[in-house]
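Overview (structure and organization)
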Amino acid sequence: MTFLIMTVDNTREVEQVRIIGNTQDTALWIWENLVPKSGRAASVQGEVMRCIELLAWEAQNNSNLNWDKSFDDILAYLKETYLGDTSPMSVFLMRTPRSR
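This text gives an overview of the structure that appears in the document. (Residues numbered from 1 in each chain as written. Predicted model: local features only at pLDDT ≥ 70, side-chain atom pairs only at ≥ 80, totals over all residues. Heavy atoms only, no water.)

Concerning the packing of aromatic side chains
Following the criterion strictly, the structure yields 1 aromatic pair and no others. One cation-aromatic arrangement involves arginine 40 over tyrosine 77; the distance from NZ or CZ to the ring centre is 5.4 Å. (Phe/Tyr/Trp six-rings, centres within 6.5 Å; stacked < 30°, edge-to-face > 60°. Lys NZ or Arg CZ within 6 Å of the ring centre and 35° of its normal.)

Dropping the structure here:
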């Protein structure tokens, strides 16, 4: 699998990476190489992985008892990243459905 590592603001490509393996191998590579020990990641892929892990940790280990605005901000970031006008997914969302 080849993918582009993008900056968090999605304005420029940092590098292109080729990973051989399955999606689990890709996720592990992203976690080990793009997610910092603390703070926000510099790449979209690293930040998305960090956000998903934060949400999973809160749900699995805290039963969402510590949920506050910071988690709402994480959800807003993920929504904008996947569904916003500048996201790669926006191309698919703007297409009109085919009539059957």
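So, the packing of helix H2 (residues 44-62) against helix H3 (residues 69-83)
Between H2 and H3, whose axes approach to 10 Å, the crossing angle comes to 140 degrees. Our classification of the angle between H2 and H3 gives oblique. Taken as a pair, H2 and H3 cross one another with a handedness that is left-handed. Contacts between H2 and H3 involve Val44, Glu47, Val48, Cys51, Ile52, Leu54, Leu55 and Glu58 from the first element and Phe71, Ile74, Leu75, Tyr77, Leu78, Thr81 and Tyr82 from the second. In terms of residue class, the contact of H2 with H3 is built from 12 nonpolar, 1 polar and 2 charged. (Axes fitted to C-alpha atoms, helices over the stretch in contact; angles between N-to-C directions. Helix = DSSP H or I, 4+ residues; strand = E, 2+ residues; numbered from the N terminus. Parallel < 35°, antiparallel > 145°, perpendicular 65-115°, else oblique. Left-handed = near helix turned anticlockwise from the far one by under 90°. Contact = heavy atoms within 4.5 Å. Nonpolar A, V, L, I, M, F, W, Y, C, P; charged D, E, K, R; others polar.)

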